[in-house]
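Chain by chain, the residues:
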Amino acid sequence: MSLIHSPEPTAHSKTYSLAIIGGGLAGLSLSIQLARLGHRVILFEKERYPFHKVCGEYIAMESWDFLERLGVPLTELNLPRITRLHVSDPQGQLLKQKLNPGGFGISRYKLDNLLAQLARDAGVTLCEKTIVKSIEPAENDLFKLTTSAGEFYTSVAAGSYGKYANLDLRLKREFIAPETRSSAFSAIKYHIRHDIPADLISLHNFDGGYCGMSQVEEGRSCLCYLVRTDVLKQAGGIQALEETVLKRNPHLNTVLTQAERLYEQPLAISQIHFSPKSAVEAHILMLGDAAGLIPPLCGNGMSMALRASAMLSPLLHDFFKHRISRDQLEQEYTRQWRKAFLTRLRTGNLLQHLFGKPTPVSLALRSLEPLPGVVRQLVNLTHGKPF
Ligand SMILES: Cc1cc2nc3c(=O)[nH]c(=O)nc-3n(C[C@H](O)[C@H](O)[C@H](O)COP(=O)(O)OP(=O)(O)OC[C@H]3O[C@@H](n4cnc5c(N)ncnc54)[C@H](O)[C@@H]3O)c2cc1C
């Protein structure tokens, strides 16, 4: 791809300034910002809104102002404000910590749907039920996207397709090399009705993983766990895993035995890797989980996805206005991305090594109990300031 960038494409039905692949928080928020700046934006999402997604659904307060600026009426939604954290080891020993400023709970079903509506209102061409199969360089410094709805052309391609997609295989990204595949995780999620205080998020460890629980809207709660895929396989499936492994933690035993489950079947995903990724790959600008996945125990992946879009938006605007070259766009985005997220990712990975392993997590909880300042510091290292 040439480093001299072409002007914004003129109105041709299938040529756009920006094509966004994946309509989660990163892609939707980027699309809204760029469309409001007057650019021609198309977004491809393989599902149809609204839909459920595997996620713990706890959003750090750092994202509150940004979501409100986008137009999500968070204040009006009367959402649970979460200010306390409980962490237990597999035997049930509890560490209790105040979270300041903490976060809030909202389901992805609701949040992504609200953002999708804001994107349509902003003039984004939103292609639902459309899967992007490949992204290739084309003539005139454009990319050609081959999708289930035909071919499209774009000046810039942004990859916000989440943790792992067909496109990662096509791009031969390093994090899916055979040696990292063996260390993959799976994740399971339910919505439940149970007596969970609105201001509390709990993280309960079990042998091979950990399970988060907190309230979302309308008195529902989200129960979501991450487990090593080999442990899930060894147990013989989700139900057997819950009976024989999760329920050994007394806190999980209570919830899994008593709670009303609001889905007939749990949502499940696999192939979750925490190996480093890059923010730009084959001139495609990656954001959200496609650029780097923070372990879920940090409760910060959604804020990272939103923040990356806020970071990328003015740079893209400058590129479309011919104020910076494609090279400068890629370099500056990579620099800002690393500055904002590398410490969070490293701290998150360090913590993840302790979690899900009975002895280290018990020792860590015992040592941290009298040191609330250290726990606060660890939480702060995985979070950012409001933006
Ligand atoms: C178990 C677990 C619990 C978590 N809990 C929390 C939490 O409590 N708080 C928090 O902040 N973060 C949490 N996270 C992380 C958070 O879910 C992610 O960081 C966040 O969803 C990233 O948003 P995204 O927009 O990058 O990706 P996503 O929200 O995953 O969106 C990607 C979208 O791309 C679409 N897509 C994929 N491939 C294609 C394609 N080829 N063509 C078209 N569309 C495509 C998908 O359908 C999807 O909608 C958790 C993660 C896990 C695994």
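Residues numbered from 1 in each chain as written. Predicted model: local features only at pLDDT ≥ 70, side-chain atom pairs only at ≥ 80, totals over all residues. Heavy atoms only, no water.

Our next topic: the state of the cysteines. In total, this model carries zero disulfides according to the counting rule given. Left unpaired, Cys211 is separated from the closest cysteine sulfur, that of Cys224, by 7.6 Å. (Disulfide = S-S within 2.5 Å.)

Each neighbour pair has its own omega, and for Tyr49 with Pro50 the value is -5°, a cis peptide bond. Along the chain, Pro50 turns up in the loop between β2 (41-44) and β3 (58-60). That bond from Asn100 to Pro101 is cis: its omega, 10°, falls within 30 degrees of zero. Summarising the element assignment, Pro101 is placed in strand β5 (residues 94-105). Unusually for a residue other than glycine, Gln271 sits at a positive phi of about 55°. (Helix = DSSP H or I, 4+ residues; strand = E, 2+ residues; numbered from the N terminus.)

Attention now moves to the packing of helix α1 (residues 25-36) against helix α3 (residues 108-122). The axes of two packed helices give the description: the angle between them and the distance between them. Between α1 and α3, the least distance of the axes is 9 Å, while the angle of their chain directions is 20°. In terms of orientation, α1 lies roughly parallel with respect to α3. Both α1 and α3 take part in a crossing whose hand is left-handed. Here α1 contributes Leu25, Leu28, Ser31, Ile32, Ala35 and Arg36 to the contact with α3, which in turn contributes Arg108, Leu111, Asp112, Leu115, Ala116, Leu118, Ala119 and Ala122. (Axes fitted to C-alpha atoms, helices over the stretch in contact; angles between N-to-C directions. Parallel < 35°, antiparallel > 145°, perpendicular 65-115°, else oblique. Left-handed = near helix turned anticlockwise from the far one by under 90°. Contact = heavy atoms within 4.5 Å.)

This brings us to the site of the ligand. Neighbouring the ligand are 38 residues; Glu45, Gly56, Tyr58, Arg108 and Asp289 lie closest to it. One of the backbone nitrogen or oxygen atoms of Leu25 is found 3.1 Å away from an oxygen atom of the ligand. Take Glu57: an N or O atom from its main chain is 3.3 Å from an oxygen atom of the ligand. For the ligand, the accessible surface in isolation is 1,000 Å², of which the surrounding protein chains cover 95%. No other element matches the three residues that helix α9 (residues 301-320) contributes to the shell around the ligand. Broken down by class, the residue content of the shell around the ligand amounts to 18 nonpolar, twelve polar and eight charged. (Near = heavy atom within 4 Å. Polar contact = N/O pair within 3.5 Å; in protein donor to acceptor, adjacent residues only side chain to side chain. Areas by Shrake-Rupley, 256 points an atom, 1.4 Å probe, with all protein chains shown as cover. Nonpolar A, V, L, I, M, F, W, Y, C, P; charged D, E, K, R; others polar.)

Let's shift gears to the pairing of strand β10 (residues 185-193). When you tally the buried positions in β10, you get eight out of nine residues, the bulk of the element. The sheet contact formed by β10 and strand β13 (residues 221-228) spans eight bridges and is antiparallel. In the strand pairing of β13, Ile188 is matched with Tyr225. Where β10 meets strand β15 (residues 267-272), four bridges bridge the pair, whose relative direction is antiparallel. (Buried < 20%, exposed > 50% of the residue type's maximum accessible area, 1.4 Å probe, protein only. Pairing = 2+ DSSP bridges.)

Counting 104 residues, the largest nonpolar core has Leu18, Leu115, Leu316 and Tyr333 as the members making the most contacts within it. Sorting elements by how many residues they give to this core places α9 first, with eleven residues. With residues up to four places along the chain from it excluded, the contact list for Leu115 reads Leu25, Leu28, Ile32, Leu67, Leu70 and Val72. (Core = buried A, V, L, I, M, F, W, Y, C linked by side-chain atoms within 4.5 Å.)

Their axes nearest at 10 Å, the elements α9 and helix α10 (residues 326-354) cross at an angle of 160°. The angle between α9 and α10 falls in the class roughly antiparallel. Both α9 and α10 take part in a crossing whose hand is right-handed. Contact residues: α9 offers Met304, Arg307, Ala308, Met311, Leu312, Leu315, Leu316 and Phe319, while α10 offers Arg326, Leu329, Glu332, Tyr333, Gln336, Trp337, Ala340, Phe341, Arg344 and Leu345.

We now examine the side chain of Ser186. Positionally, Ser186 belongs in strand β10. Looking at Ser186, its side chain comes within polar contact range of the side chain of Thr229, at 2.9 Å. Once residues within four sequence positions are removed from consideration, Ser186 is found in contact with Tyr225, Leu226, Val227, Thr229, Leu232, Ile269, Ser270 and Ile272.

Relative to β5, β3 runs antiparallel, the two sharing three bridges. Bridging from a neighbouring strand, Ala60 pairs with Gly103 of β5. Alignment of strand β4 (residues 81-88) against β5, held across seven bridges, turns out to be antiparallel. What sits directly across from Ile82, in β5, is Gly103. What sits between β4 and β5 in their antiparallel hairpin is a turn of five residues, with Gly92 showing a positive phi close to 105°.

Quick look at the environment of Pro90 now. Along the polypeptide, Pro90 turns up in the loop between β4 and β5. Given the relative accessible area of 10%, Pro90 is considered buried. For the pair Pro90 and Leu252, spaced 162 residues apart in the sequence, the C-alpha separation amounts to 9.3 Å. Leave out the neighbours within four places in its chain, and Pro90 touches Asn205, Phe206, Asp207, Arg248, Asn249, Pro250, Pro358, Val361 and Ser362.

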